[in-house]
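Chain and residue survey
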Amino acid sequence: MEFEGCNCFRQRLVLSTLSGKRVKIRNIRSKDDNPGMRDFEACFIRLLDKVTNGTRIEINQTGTMLFYQPGLLYGGSVEHECHVQRSIGYYLEALLMLAPFMKTPLRAVLKGVTNDPTDPSVDYLKLTAIPLMKKFGIDGNSLEIKVLKRGMAPGGGGEVLVTCPVRRLMNPIQLTEPGKIKRIRGTAFSVRVSPQMANRIVDSARSILNKFIPDIYIYTDHMKGANSGKSPGFGLTLVAETLNGTFLGAEVVSTPQGQGNPLLPEDLGKNCAKLLLEEIYRGGCVDSTNQSLALLYMTLGQQDVSKTLLGPLSPYTIEFLRHIRDFFQIMFKIEQQTPGEDEQKGGEKILLTCVGAGYSNISKTIK
Amino acid sequence: MEKKEQKRHHPKHSGPKAEKKNRKKEQGTEQEQDARKRNPKAFSVHSAVRMAKTFHRTQDIKMKKHHIPLVDRTPLEPPPVVVVVMGPPKVGKSTLIRCLIKNYTQQKLSDICGPVTIVSGKKRRLTLIECNNDINSMIDLAKIADLVLMLIDASFGFEMETFEFLNICQVHGFPRVMGVLTHLDSLKNNKKLKKTKKRLKHRFWTEVYQGAKLFYLSGMVYGEYQKQEVKNLGRFISVMKFRPLVWRTSHPYVVADRMEDLTDPETIRLDPKCDRTVSLYGYLRGMFLKNKCQVHIPGVGDFSVGDVSFLPDPCPLPEVIKKRALNVKERLLYAPMAGVGGLVYDKDAVYIDMPSEYVKQQQEEVRPTAELVQSLIGTQATLDEKMAASKVSLFTGTAALAPEEVQENERQNPMERREWDEKAQRERRRAVFADEDDEGADDDDDEEETDEEEEEEAEDEDEEGEATLDKKAAPPVKKQKFEESVEMPGFADSDDELEKSEGEETEEDESEDDDEEEEEATVDKKAVEKAAPPVKKQKFEESVEMPAFADSDDELEKSEGEETEEDEDDDDDDEEEESDEENEEMEEGEPAKRNSGPDSGLCSENDNDDDDEEDDSDMEEDGDRILKSKMSSKHPEEEKIGTEDGEMGFETAGALRWKEDLAQKASEAYLRQQLATPNLRKLVYGIVAEEAEEDSNDEEELGGLFKVSRPEKSKKLHADALDCSRFQPDSSHDWDQEEMLASIRDCFVTGKWEEDKDAATLLKEDDELYGDFEDLETGEVHKAKTGNKDHAEENNDEINGGDDDDDEEEEEAPEVKFDDDEVKKNKRLEKKKRLKERFDAQYDDGEATYFDELKEEMQKQAELNRQEFEDMDDEARVQYEGFRPGMYIRVEIPALPCEFVTNFDPHYPIILGGLGPSEGNVGYLQMRLKKHRWHNRILKTRDPLIMSLGWRRFQTIPLYYIEDHNGRHRLLKYTPEHMHCGATIWGPITPQGTGFLAVQTIGGIKANFRIAATGVVLDLDKSVTIVKKLKLIGYPHKIFKNTCFVQGMFNTVLEVAKFEGASIRTVSGIKGQIKKALNNPPGAFRATFEDKLLMSDIVFLRSWYPVSVPRLYNPVTSLLKPVGQKDTWSGMRTLGQLKHDLGIRNKPKQDSLYKPIERQVRHFNKIQISKELQKALPFKSKPKQMQAKGKTPRDLWRPAVIREPHEKKVAELLNALSSVYTYKTKKAKAEQHAKHKEFLKQKEKQDAERQKRLKEQKKKTYRAMGQKEKKKLKSSLKGASKDN
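Residues numbered from 1 in each chain as written. Chains lettered and ligands numbered in written order. Predicted model: local features only at pLDDT ≥ 70, side-chain atom pairs only at ≥ 80, totals over all residues. Heavy atoms only, no water.

In the annotation of an unreviewed UniProt entry, the entry for chain B reads Bms1-type G domain-containing protein, and the organism field reads Cirrhinus molitorella. Turning to chain B, the UniProt record has this under Sequence similarities (unreviewed entry): "Belongs to the TRAFAC class translation factor GTPase superfamily. Bms1-like GTPase family. BMS1 subfamily." According to the UniProt record, the Subcellular location (unreviewed entry) comment for chain B is "Nucleus, Nucleolus". (UniProt positions renumbered as here; feature names shortened; annotations may be inferred.)

An unreviewed UniProt entry lists chain A under the name RNA 3'-terminal phosphate cyclase-like protein, with Cirrhinus molitorella given as the organism. What UniProt states about chain A under its Sequence similarities (unreviewed entry) heading is, verbatim, "Belongs to the RNA 3'-terminal cyclase family. Type 2 subfamily." UniProt's Function (unreviewed entry) comment on chain A is quoted here verbatim: "As part of the small subunit (SSU) processome, it plays a role in 40S-ribosomal-subunit biogenesis in the early pre-rRNA processing steps at sites A0, A1 and A2 that are required for proper maturation of the 18S RNA. Activates BMS1 by promoting GDP/GTP exchange. Does not have cyclase activity."

What follows is the structure, given as structure tokens:
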């Protein structure tokens, strides 16, 4: 398959790895002043190479063209130094998509930036993606994301342990009823700044959320010494849990040192709470960041009907849907559900339905 | 014989039995207890161990019955059951098929080639396929068969093919197998017949399973099996149930029953060996088939599907299930390869096979006009298409040909020859290619189109063989196209609304079936206008019905037109009309849109990369949608209005008709739109067909040299955008405002709940259930409903600012009385349901096991799968699901090798096996393999082997290995004889757990059992880990104490460096270690050992050397072989075969040769023992100095004694005296013995008596003692009581 441009770089490589179709991406920033792939993309390819066996990668001199022939997903113990241009979340999102289909259970140690403003942070994925994965039958103690060290944006120095068991088949899901939010949890963290920052964040966030629900608990997490990475910073991750086990999250991180205006912890707390409200407004059974993960697992399920209710599709998800069609020839039935007149449950929802591709993990060994 | 009077039964009148009976009579049924109560002793626990055992056993039995529950994915209308009739040649396969067909359809099929599909019952269709005696076909058919009818010649017994086929079946998932014994009439002896039957049956059972069905076809009557027996067999087939097989339920597959070559005849003319585009037809089975997926055609190779479309079922089941049996019309038969099934549908055409007389009659009048008109229509297309069209006319022989071309044609094109087929009673055309000379066909002078030939070949191939033998050329009659589209333009131009509406009215009158037809027909028409592919044999379009719907211009097509706007390019009148209507719709839609305001931002694409065109269409869509949503909101009213309109229309005739139409049209459009293309879908997936067009537009060229460079800024930006999954929040939402906050209030548990889940309503319901009660303490009487409800409402009001649905409902009640009743009824039903649920939950709680739950879950899923897309139309459904099993589909495959078409033989099955994701790739496969125990040779590593794995048959080179205790994979030279071993091959990626079988050759029968090995795939990888033992040998070069310099093992210092620290050993068993390399000689090293070495010792290093698996993956292309030689495919030969063929004999090493062993006798010297030692030794160990005595020499013998007569007498007397004495003593002894015996007897008697006495005495004393004791006890007790 041939693509142009570096947009949706991860999607293409991940789907290619899963479907076994080779991919050629051309004109990667060819018109740019600084043409070719960026370091973080190269780093991502290296990570893919580490978790697979027999992958063939060809990149031309200028880095504007990439040929990727996927190998088999191998898994096992992997240690990877993620480039600090993007946070670990960038790599982790893709890794989570691949993790259940490995030959041996994955145990990856990713080093780099744990939190930055562009990508979903490790905490965020830990709070939202993991419970989502559990719904597809990937469970057990070994499904875990653990923040060993925290590293903020420019410097990095964080460390994350990701473990995931191996599955042969994905269960179909019927997530049509998000349920009502029963509690809100969160983590406010601060590294290399005063531990008081975290408390200030918590207070401001609570001030907004308390209007809705009393059951709010925000942990403060202050890492010190060797665990605190190389740059200062603080941030807040909030997650709302519903009765039916849906997790909707939001997060805000302080602006990296030396980039833009610094953010007051109070503002940050409020922004984050508002973001959470926005996320709740969008609603659905899967939060906006993990839409693509859920859709991928639905696609890779058995040949049964899977349904999920989502909030408005993010542009990333739309691209992802297109790519799923290209790689797996699966189209989703998209139905809109407009909320009723008197219902006050946020915006329009979208019901996505598909028949799984009948995918099975071909890497797993049977004895 | 006289019957003996039997004793009558006398009921008891007294005794326990009689009493029991009486009691029973008196108490009536009360006495009827269960056995457990009546006889509790029998059910009491005697032994806990035994109880546990029985419990375990019952549980075991219970558990054994369980299968892993699977989601039931069988489609509602399943594809025909594939019945493969298999057996060695001349066993009566074709006869059986013929009989079965006759049994089911009352039709006779003379020549059976290719699959034959018949309707066998109200719910079942069968596809009968005959399996010829080629292992390729056997393997392929075993993979697709649902039921195997295994024919066995009873007069001969089992043949190897039967067993081979059974083994093939076993590997690829065991389908149902039913044995059929034939030729039973050749066994005249009744007893022998019985015995044979029994023997065969039991052997069959051991192969299949105990109790497998074996059918007996006793004999032939007029060349057919007996009617009743065939009928019985048919019944068995019709009621047979099948279980799902893993491979088949996870892969789509099609058994092609029809093949058409779609290649442009021009390209074939230019290059007869060019790759062909072929369309294959058949029922889809197994799983959903996606468009553009990869398929494997066994015997040909891997291909990606060009296009898939579904066609109306050529052999449908009866539509409504009636109680009665099927009538003749419903008993359909479809076998295009055998030339049956007169009407054949294609995507864009309908073919009719017509008897030749009819063709002759029609030929002259119809053909020219139709052709002319068609070519006229065709010329409206582009130049390319015109060219194509002109070719068409060229081939059908209407237009003038250039003389050179004609000459060329004579040389290149196939000739037609007509032959009368006696059996089918129809005329057939035979293609005779000029270059087919070598194949044995002789060419005639007639000229005919290649394309037609290709098409026909599917049917004609079978005749070809016969024809070449017969060489009877029948009078040539031409087939041609019937194109009744002549009249069509006339209708098509008329964009008169009135006329159209009339058309639509008529359309609406027609049933759904007609709709289908219409659609097809219109599609037909389009295709024709586009100068349809010239490769049609007899194209016929229903001229009668055509006008009725030619202009009726159904909405369906229009919506398609909207979607696929490329169609508008070939502008014709119809399309104009459509676009007009579209405009109308636009006009309607747009104002509505303006009203609706900005879109809700449901899908926020960050930049509008879509083209203007698409935008337009989007707008249009939008408009449509909103219009429709409007309509939907007032749906019930609208219906009323609609009916009123209808009445009005009656009165005012034509004036208001168009309005009425409008409403209907709109509602129709709405429904269709709802089903087919929601707006969002368009946004996400775009317009499927348009993409290609856009791409081509991008590369617009100016003057052929320069490209137009457009500022595609947005697109480029898009292409290199930031890759981030975060969804930036909508800036329009301000979360400081109260309204925004209020808008998500209900998302929290603190918000308002849905009516059915609200705590208040639930409470209320509980009240309704458990209703009125009286508080005994206060004496208060609580009534259901009233108080509580109010209370609940108040609560609600407090929380939500009061809007209550219940109240509203009640207020509405008088207005809509009917509705209210319904509502109440529903409510009641719902309540009942809930009650039942609760009851079930409580009741079944104890018994619901994990298994039950799992089963339930699966059932739910199955239900959901069925329902989800049920009400969609097929067009839309196919896009979401893919083509579902049971559909009759047409699969277009580009770039097939030409041999597939030219060497097509319908007797060989053509299977399209769908491949899952990444199953098209090649990699290393690790498998568990076992040599088949009937194969009489073990297999050698690196000998090529033909494997059947998944859909594929391919040749590859396996390496055999065995896993050592430490997990090492050690290479084996040969497979073990009776054991599993590992094998690694380079082959197609196939899911683990898939079975495979291996054969050494497929060409001809060389081995007596062809299946060499079977096994299963364990693991897939891109690298291998097999190692081979390698011993490196060195010799001591200098020996110190325990250190030794060793040379000859390595060649360089570097090599040594790599092995530093490795353990080494000498032949004599002294262990050591490599220490360090020496400089001189190169490759020598210092090593230490546990003992001093000798110079004669040999040092060796045991190492493991990784082996690489040869990358040979050679698909077996047996279908590409010429007809009649399809079983002669031979791939790579084994080394042994090569040597045999080339006559090479290995010169063996002299060392390896076996020579007779000559052992020399060894002589040992005597042991020398010193004199002192000899003295000190014990006698036993002292060396024996004395020689054995040996024989006494003759001279030392003593002489014999000869008695004197007197001496003799004395000796005799002494002898007699001694004998008398012995006799006397003997007698005395016997007497004594008898006496003693007597005495013993006496004594015993006395003893017994004494014992008895003693016992009695003892008894007495004990008794006395006991009584005493008792007394004592009693007195003591008394004393105690007194104490108290």
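Once you've had a look at it, read on.
Focus on the sheet that holds strand β4 (residues 147–153) of chain B
Residues and elements named next belong to chain B. Strand order in the open sheet formed by 7 strands is β6-β5-β4-β1-β3-β2-β14, and the pairing between neighbours is mixed. Two strands lie at the open edges of the sheet, namely β6 (214–216) and β14 (333–334), each paired on one side alone. Looking at chain direction, β4 and strand β5 (residues 176–182) are connected through 7 bridges and run parallel. Paired with Leu149 across the two strands is Met178, which belongs to β5. Strand contacts of helix α6 (residues 160–171): β1 (81–86), β4 and β5, with the helix running at about 160° to β4, the strand carrying the most contacts. Seen against the sheet, helix α8 (residues 227–239) touches β1, β3 (125–130), β4, β5 and β6 and runs at an angle of roughly 160° to β6. (Pairing = 2+ DSSP bridges. Helix = DSSP H or I, 4+ residues; strand = E, 2+ residues; numbered from the N terminus. Contact = heavy atoms within 4.5 Å. Axes fitted to C-alpha atoms, helices over the stretch in contact; angles between N-to-C directions.)

Structural notes on a negative patch on the surface
A grouping of Asp852, Glu853, Glu856 and Glu857 of chain B is seen on the molecular surface, where their side chains present a negatively charged patch. Topologically, Glu857 of chain B is positioned in helix α32 (residues 850–868). (Patch = residues over 30% accessible without salt bridge, like charges linked within 9 Å, V, L, I, M, F, W, Y side chains within 5 Å. Areas by Shrake-Rupley, 256 points an atom, 1.4 Å probe, with all protein chains shown as cover. Salt bridge = Lys/Arg side-chain N within 4 Å of Asp/Glu carboxyl O. Lys, Arg positive; Asp, Glu negative; His and termini not counted. Charge placed at Lys NZ, Arg CZ, Asp CG, Glu CD.)

Description of the interface of chain B and chain A
Between chain B and chain A, the contact holds 83 residues from the first and 93 residues from the second. Together chain B and chain A conceal approximately 8000 Å² of surface at their shared face, both sides included; 54% is due to carbon and sulfur atoms. When the area that chain B buries against chain A is broken down by residue, the three leading residues are Tyr685, Asp723 and Arg726 of chain B, summing to 10%. In this structure, the connection of chain B to chain A is made through 4 salt bridges. Here Asp304 of chain A and Arg73 of chain B are joined by a salt bridge, their closest N and O atoms 3.0 Å apart. Linking chain B with chain A are 20 residue pairs in polar contact (both at pLDDT 80 or more). At the level of secondary structure, the elements contributing two or more residues to the side of chain B that touches chain A comprise α24 (679–685), α26 (713–719), α27 (738–743), α32, α33 (874–881) and β32 (1011–1021) of chain B. Considering only residue class, the side of chain B that touches chain A consists of 35 nonpolar, 21 polar and 27 charged. (Buried area = accessible area lost by both parts, 1.4 Å probe. Polar contact = N/O pair within 3.5 Å; in protein donor to acceptor, adjacent residues only side chain to side chain. Nonpolar A, V, L, I, M, F, W, Y, C, P; charged D, E, K, R; others polar.)

A word on the state of the cysteines
Such a bond, covalent and formed between the sulfur atoms of two cysteines, is termed a disulfide. According to the stated counting rule, one finds 0 disulfides over all chains in the structure shown. Cys8 of chain A provides the cysteine sulfur closest to Cys6 of chain A, a residue in no disulfide bond, and the two sulfurs are 9.2 Å apart. A disulfide-free cysteine, Cys131 of chain B has its sulfur positioned 9.2 Å from the sulfur of Cys169 of chain B, the nearest such atom. A relative accessible area of 0% places Cys131 of chain B in the buried class. (Disulfide = S-S within 2.5 Å. Buried < 20%, exposed > 50% of the residue type's maximum accessible area, 1.4 Å probe, protein only.)

Some remarks on unusual backbone geometry
Residues and elements named next belong to chain B. A cis geometry characterises the amide bond from Asn1080 onward to Pro1081, with omega recorded as -10°. Among the secondary structure elements, Pro1081 is positioned in the loop between β36 (1071–1077) and β37 (1085–1089). Positive phi values are uncommon outside glycine, yet Lys90 reaches one of about 65°. Inspection of the secondary structure puts Lys90 in the loop between β1 and α4 (93–105). Taking relative accessible area as the criterion, Lys90 reaches 77% and is therefore assigned exposed. Here His183, not a glycine, exhibits a phi torsion of approximately 55°, which is positive. Mapping His183 onto the fold places it in the loop between β5 and α7 (190–207).

Things to note about the packing of α4 of chain B against α8 of chain B
All names here are of chain B. Interhelical geometry of α4 versus α8 gives an angle of 80° and a closest axis separation of 10 Å. Classified by the angle between their axes, α4 and α8 sit roughly perpendicular to one another. Here Leu96, Cys99, Leu100, Asn103 and Tyr104 of α4 lie close against α8, whose contacting residues are Val230, Lys231, Leu233, Gly234, Arg235, Ile237 and Ser238. (Parallel < 35°, antiparallel > 145°, perpendicular 65-115°, else oblique.)

Overview of the side chain of Thr17 of chain A
By the secondary structure assignment, Thr17 of chain A is in helix α1 (residues 9–19). A residue is classified by how much of its surface remains accessible, and Thr17 of chain A, at 6% relative accessible area, is buried.

Quick look at the nonpolar core
Core analysis: the largest hydrophobic core is formed by 96 residues, its most contacted members being Leu18 and Phe332 of chain A. Looking at this core element by element, the count peaks at 9 residues for helix α3 (residues 88–98) of chain A. Summarising the domain contributions, this core has at least three residues from each of domain 1 (1–72) and domain 3 (286–355) of chain A. Discounting residues that sit within four places of it in the chain, Phe332 of chain A has contacts with Leu295, Met298, Thr299, Leu321, Ile324, Leu352, Thr353 and Cys354 of chain A together with Tyr685 and Tyr880 of chain B. (Core = buried A, V, L, I, M, F, W, Y, C linked by side-chain atoms within 4.5 Å. Domains from an automatic or database assignment.)

Describing the pairing of strand β9 (residues 253–261) of chain B
Residues and elements named next belong to chain B. The buried fraction of β9 is high, at 9 of 9 residues. Sheet topology note: the β9/strand β10 (residues 276–285) ladder contains 8 bridges and is antiparallel. Along β10, the bridge assignment pairs Asp261 with Val278. Here 4 bridges tie β9 to strand β24 (residues 910–914), and the two strands are oriented antiparallel to one another. Following the sheet pairing, Ala256 is matched in β24 by Ile910.

Some details on the confidence of the model for chain B
Residues and elements named next belong to chain B. Summing up the model confidence of chain B, the mean pLDDT is 72 and the portion of residues at 70 or higher is 63%. Ignoring residues within four places in sequence, the model shows residues 673–677, a span with pLDDT below 50, making 12 contacts including any to other chains. Confidence estimates for the predicted assembly give a pTM of 0.68 and an ipTM of 0.90. (pLDDT = per-residue confidence, 0-100.)

Comments concerning a positive patch on the surface
All names here are of chain B. Together, Lys12, Lys17, Lys20, Lys21, Arg23, Lys24, Lys25 and Arg38 make up a region of like positive charge exposed at the surface. Here the positive patch gets 6 residues from one element, more than from any other, and that element is helix α1 (residues 16–27). Relative to the assigned elements, Lys24 resides in helix α1. The partly exposed category is assigned to Lys24, whose relative accessible area is 44%.

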